[in-house]
Amino acid sequence: NAGVTQTPKFQVLKTGQSMTLQCAQDMNHNSMYWYRQDPGMGLRLIYYSASEGTTDKGEVPNGYNVSRLNKREFSLRLESAAPSQTSVYFCASSEARAGYYGYTFGSGTRLTVV
Amino acid sequence: EDKVVQSPLSLVVHEGDTVTLNCSYEVTNFRSLLWYKQEKKAPTFLFMLTSSGIEKKSGRLSSILDKKELFSILNITATQTGDSAVYLCATSGTYKYIFGTGTRLKVLA
């Protein structure tokens, strides 16, 4: 009964380093999402994948790339980390397109860029 | 531009009080509105609302949607310290949900 699994849970990067946040869901959901959460800003959408094989930009895509590796996995890559990317990152999935089904969230990745 | 506005931003009450949290929205292609509770970690699902005027209830929590006036409220009766959390509202645009900044509720013993 894992739901949505994110790794790692915590990460500290130096400015300019790269890393990939991993997300996997075992609920056979079609749609997957990456959000970042900052104090006073709420949850902001970075990228989403409405279905396997498609990805689209959200509100704040700059500095990020994504890969929908298969139906289960959706990764988020920071090519050259910046302090402004310090945040808590949440992956979410839904059975199908948003609106008809709610999200299930992963437990989050707390990323600090120094 | 799609947006969700929650009020108040924060609230402090005593155990046993009743609270009402507000969510107003502007979104194209509205399909549903969600309420989530967020404590230390990931948001947990509370309600999905799609139709006006139909109250959803779960224990001491209830919520209702007004699609004409574009808002929803979340009520919590007989609050407990375990209700302390950030409550998030989200509405659906096409393929994705837009979140408000949340209401931080603190319940004092």
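Residues numbered from 1 in each chain as written. Chains lettered and ligands numbered in written order. Predicted model: local features only at pLDDT ≥ 70, side-chain atom pairs only at ≥ 80, totals over all residues. Heavy atoms only, no water.

### Some thoughts on the overall build of chain B
- In terms of regular secondary structure, chain B is built from zero helices and eleven strands.
- Helices and strands in chain B line up, N terminus first, as β-β-β-β-β-β-β-β-β-β-β.
- Its C-alpha atoms give chain B a radius of gyration of 13 Å, within 12% of the compact-globule value 13 Å for 109 residues.
- Along the longest, intermediate and shortest principal axes, the C-alpha atoms of chain B span 40 × 25 × 20 Å.
- By the burial criterion, 45% of the 109 residues in chain B qualify as buried.
- Expressed as a percentage of contacts within chain B between residues at least 6 apart in sequence, the contacts between residues at least 24 apart total 54%. (Helix = DSSP H or I, 4+ residues; strand = E, 2+ residues; numbered from the N terminus. Rg over C-alpha atoms; globule rule 2.2 N^0.38 Å. Buried < 20%, exposed > 50% of the residue type's maximum accessible area, 1.4 Å probe, protein only. Contact = heavy atoms within 4.5 Å.)

### Thoughts on the environment of Lys106 of chain B
Residues and elements named next belong to chain B.
- Mapped onto the elements, Lys106 comes out in strand β11 (residues 103-108).
- Under the relative-accessibility criterion, Lys106 is labelled partly exposed at 48%.
- Counting along the chain gives 75 residues from Lys106 to Arg31, while the straight-line C-alpha distance between them is 31 Å.
- In contact with Lys106, not counting residues within four places along its chain, are Leu11, Val12, Val13 and Ser84.

### Observations regarding the confidence of the model for chain A
- Mean pLDDT over chain A works out to 93, with 96% of the residues at or above the 70 mark.
- Ranking the elements of chain A by mean pLDDT puts strand β10 (residues 104-105) of chain A last, at 92, and strand β8 (residues 74-78) of chain A first, at 98. (pLDDT = per-residue confidence, 0-100.)

### Section: the sheet that holds strand β1 (residues 4-7) of chain A
Residue and element names in this part refer to chain A.
- Spatial strand order, β1-β3-β8-β7: four strands in an open sheet with antiparallel pairing. Two strands lie at the open edges of the sheet, namely β1 and β7 (64-68), each paired on one side alone. Strand-to-strand twist in this sheet, taken as the mean axis angle between neighbours without regard to direction, amounts to 15°.
- Bridge count for strand β3 (residues 19-25) against β8 is three bridges, and the pairing is antiparallel. Bridge pairing in β8 links Leu21 to Leu76. (Pairing = 2+ DSSP bridges. Axes fitted to C-alpha atoms, helices over the stretch in contact; angles between N-to-C directions.)

### As for the state of the cysteines
All names here are of chain B.
- Scanning the entire structure with this criterion turns up two disulfides over all chains.
- With a sulfur-sulfur separation of 1.9 Å, Cys23 is cross-linked through a disulfide to Cys89. In this structure the cystine formed by Cys23 and Cys89 twists about its S-S bond by roughly -65°; its chirality is therefore left-handed. You can see Cys23 sitting in strand β3 (residues 19-26) and its partner Cys89 sitting in strand β9 (residues 85-92), a full 66 residues away along the chain.
- Under the relative-accessibility criterion, Cys23 is labelled buried at 1%. (Disulfide = S-S within 2.5 Å.)

### A look at the pairing of strand β4 (residues 31-38) of chain A
All names here are of chain A.
- By the criterion of burial, β4 is predominantly enclosed, with eight of the eight residues buried.
- Burial along β4 is two-sided: the residues Ser31, Tyr33, Tyr35 and Gln37 and Met32, Trp34, Arg36 and Asp38 are all buried.
- Looking at chain direction, β4 and strand β9 (residues 87-94) are connected through seven bridges and run antiparallel. Residue pairing across strands places Gln37 opposite Val88, the latter belonging to β9.
- Pairing analysis gives seven bridges linking β4 to strand β5 (residues 42-49), with the strands arranged antiparallel. By the bridge assignment for β5, Asp38 is matched with Gly42.
- What sits between β4 and β5 in their antiparallel hairpin is a turn of three residues, with Gly40 showing a positive phi close to 75°.

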